[in-house]
Amino acid sequence: MKYLKQTLQVLFCTLLCLMTSCDLTKEVNKELQFTGNAFSQNRTTISGVSIKKNGKKIAYSDEKGIFKLDGRNVAEGDVLLFEKDGYVTVSRIFKKNLKLNIFMKNRDKFVTINPEKEQKLAFKSGIRLNIPKNAFTLNNKPYSGKVQIAATYFDDARQIDLISAPSLFIAQDRKSRKLIPLQTFGVSEIVAVTPNNEKLELRKETGIEIILPRREAETPDRVNFYSLNTTTGYWNLESNLKRNNRNQLIGVVTTVNSAWNADKPCAAELVCIKLKVVYQNGDPGCGVGATGLSYQGFDGIYAPDQNNEVQFLVCPDSAIELGACFLVCCGPGVPPTD
């Protein structure tokens, strides 16, 4: 993994000594304002990004891609959605020390289909969809008009795709509510709308077969298939994907206008790592993040607190790489796209 780094020393003895439980207490923030930035994958700023909480817009990015959140309206654990036409929607769980530098991927071009006929679609990204006839509804009523379909793929081998994915790579068990770290094998967003941009649904007990692109690395025979729960900000287990003889993953999506994640847990639970940062040449105002080396995952960029300590969630018993001052320092810095 490549990082844009500043001089920063991490005390690894402190890292080992301070493994603990992250403080996820949900409380109203005393700070008056939190500032963030919206970027495209090619490092340009994005204006007009809507930031929503519980379906209500609470902020938007200005002409410089900067947005400001009123601290009285956001609390630890709130789920924020970042939306703009032409880009894949991004979900983030608000934390006071999370650097709100949001990278967004361009949504792939729409294809127009007649839903009264079975459709076999192949997209530029490599995603293939097999759509049964009469699969869509609008406001829970059968829909037979033209349908616009877009399928956007996030390659697990590209760091910029991991960073700009629809959500961080953490699942939540529906019953126990336990958080589970994920090793991703690729993420997709499937959008289906009318020509007037009205969101469609899939007819009950109807699914769309999805075939994810061939992977360079060997794919397991079976992996889990998760949908993104935009209410909680975590991934929910839905079904399984199977590998074919071309090293592709095949499964079924049961919702549209949603994101889907091919994963397997890299451990039974997350571990919180707390570490102390020592600056050799003064604090440059940067954040610290961890990207998996023995698994494909990313938990965001975090700012040190008043004690120069940072805490974040990672997969236990795994190899991770710590990076500083990428995405957050000195303008819209971002690792290379490949």
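Analysis parameters
- Residues numbered from 1 in each chain as written.
- Predicted model: local features only at pLDDT ≥ 70, side-chain atom pairs only at ≥ 80, totals over all residues.
- Heavy atoms only, no water.
- Helix = DSSP H or I, 4+ residues; strand = E, 2+ residues; numbered from the N terminus.
- Buried < 20%, exposed > 50% of the residue type's maximum accessible area, 1.4 Å probe, protein only.
- Contact = heavy atoms within 4.5 Å.
- Areas by Shrake-Rupley, 256 points an atom, 1.4 Å probe, with all protein chains shown as cover.
- Disulfide = S-S within 2.5 Å.
- Pairing = 2+ DSSP bridges.
- Phe/Tyr/Trp six-rings, centres within 6.5 Å; stacked < 30°, edge-to-face > 60°.
- Salt bridge = Lys/Arg side-chain N within 4 Å of Asp/Glu carboxyl O.
- pLDDT = per-residue confidence, 0-100.
- Axes fitted to C-alpha atoms, helices over the stretch in contact; angles between N-to-C directions.

### What about the overall build of the chain?
Check the secondary structure of the chain and you find two helices and 27 strands. Expressed as a percentage of the 338 residues in the chain, the buried residues total 51%. Residue pairs in contact within the chain that sit at least 24 positions apart in sequence constitute 70% of those at least 6 positions apart. When the accessible surface of the chain is summed, it comes to about 16,500 Å², and 46% of that surface belongs to carbon and sulfur atoms.

### Digging into the state of the cysteines
Scanning the model with the defined rule gives one disulfide in all. A sulfur-sulfur separation of 2.4 Å characterises the disulfide bridge that pairs C266 with C315. Taken together, the residues span a long stretch of sequence, with C266 in the loop between β22 (258-265) and β23 (271-278) and C315 in the loop between β26 (309-314) and β27 (320-324) at a distance of 49 residues. Among the residues examined, C266 registers a relative accessible area of 24% and is labelled partly exposed.

### Some remarks on the sheet that holds strand β17 (residues 201-202)
An order of β13-β12-β17 is seen for the three strands of this open sheet, with the pairing classed as antiparallel. The sheet is open, and its two borders are formed by β13 (141-142) and β17, each paired with just one other strand. Pairing of strand β12 (residues 136-138) with β13, which is carried by two bridges, proceeds in the antiparallel orientation. Within β13, the residue paired with L138 across the bridge is K141.

### Digging into the packing of aromatic side chains
Applying the stated criterion across every chain, the model contains four aromatic pairs. With a centroid separation of 5.0 Å and 40 degrees between ring planes, the pair formed by F39 and F103 is classed as tilted. Of this pair, F39 sits in strand β2 (residues 33-40) while F103 is found in strand β8 (residues 101-104), placing the two residues 64 residues apart along the sequence. In this structure F103 comes out as buried when scored by relative accessible area, which is 1%. On the basis of an interplanar angle of 55 degrees and a centroid distance of 5.5 Å, the ring pair of F67 and F82 is categorised as tilted. Separated by 15 residues along the polypeptide, F67 in strand β5 (residues 66-70) and F82 in strand β6 (residues 79-83) bring together distant segments of the chain.

### Notes on the pattern of salt bridges
Going through the model one piece at a time under the given rule, you end up with eleven salt bridges. Note that K53 and D78 form a salt bridge whose closest N and O atoms lie 3.1 Å from each other. You can see K53 sitting in strand β3 (residues 50-53) and its partner D78 sitting in the loop between β5 and β6, a full 25 residues away along the chain. Close ionic contact of E118 with K120 constitutes a salt bridge, the shortest N to O distance being 3.8 Å. Each of K105, R158 and D161 takes part in salt bridges that share partners, so that together they form one network.

### Overview of the environment of I180
Following the sequence through the fold, I180 ends up in strand β16 (residues 179-193). Accessibility expressed as a relative area gives 16% for I180, which makes it buried. Placed 90 residues apart in sequence, I180 and L270 show a C-alpha to C-alpha distance of 5.8 Å.

### Quick look at the pairing of strand β10 (residues 119-122)
Regular strands show a simple pattern: their side chains alternate between the two faces of the sheet. Residues Q119 and L121 line the buried face of β10, whereas the alternating positions K120 and A122 sit on a face that is not buried. Examined bridge by bridge, β10 and strand β11 (residues 128-131) share four bridges and lie antiparallel to one another. From the neighbouring strand, A122 faces β11, where its bridge partner is R128.

### Some words on the confidence of the model for the chain
Overall, the predicted model of the chain reaches an average pLDDT of 83, with 83% of residues at or above 70. Scored below 50 in pLDDT, residues 1-21 makes 58 contacts in the model with residues more than four places away or belonging to other chains. Considering only residues more than four positions removed or in separate chains, one finds that residues 24-29, a stretch of pLDDT under 50, has 18 contacts.

### Some remarks on unusual backbone geometry
Even without glycine at this site, R43 takes up a positive phi of about 80 degrees. If you trace the backbone, R43 turns up in the loop between β2 and β3. R43 sits in the partly exposed class, given a relative accessible area of 42%. The backbone of E205 shows a phi angle near 60 degrees, a positive value even though the residue is not glycine.

### Some details on the side chain of T206
Structurally, the position occupied by T206 is in the loop between β17 and β18 (208-211). Among residues more than four places away in sequence, those in contact with T206 are P132, A135 and T254.

### Regarding the sheet that holds strand β7 (residues 90-93)
The strand order across the open sheet formed by four strands is β4-β3-β6-β7, and the pairing between neighbours is antiparallel. Of all the strands in the sheet, just β4 (56-60) and β7 have a single pairing partner and so form its edges. Averaged over all pairs of adjacent strands, the angle between their axes in this sheet comes to 30 degrees, without regard to strand direction. Here β6 pairs with β7 via four bridges, running antiparallel. For L81, the partnering residue across the bridge sits in β7 and is S91.

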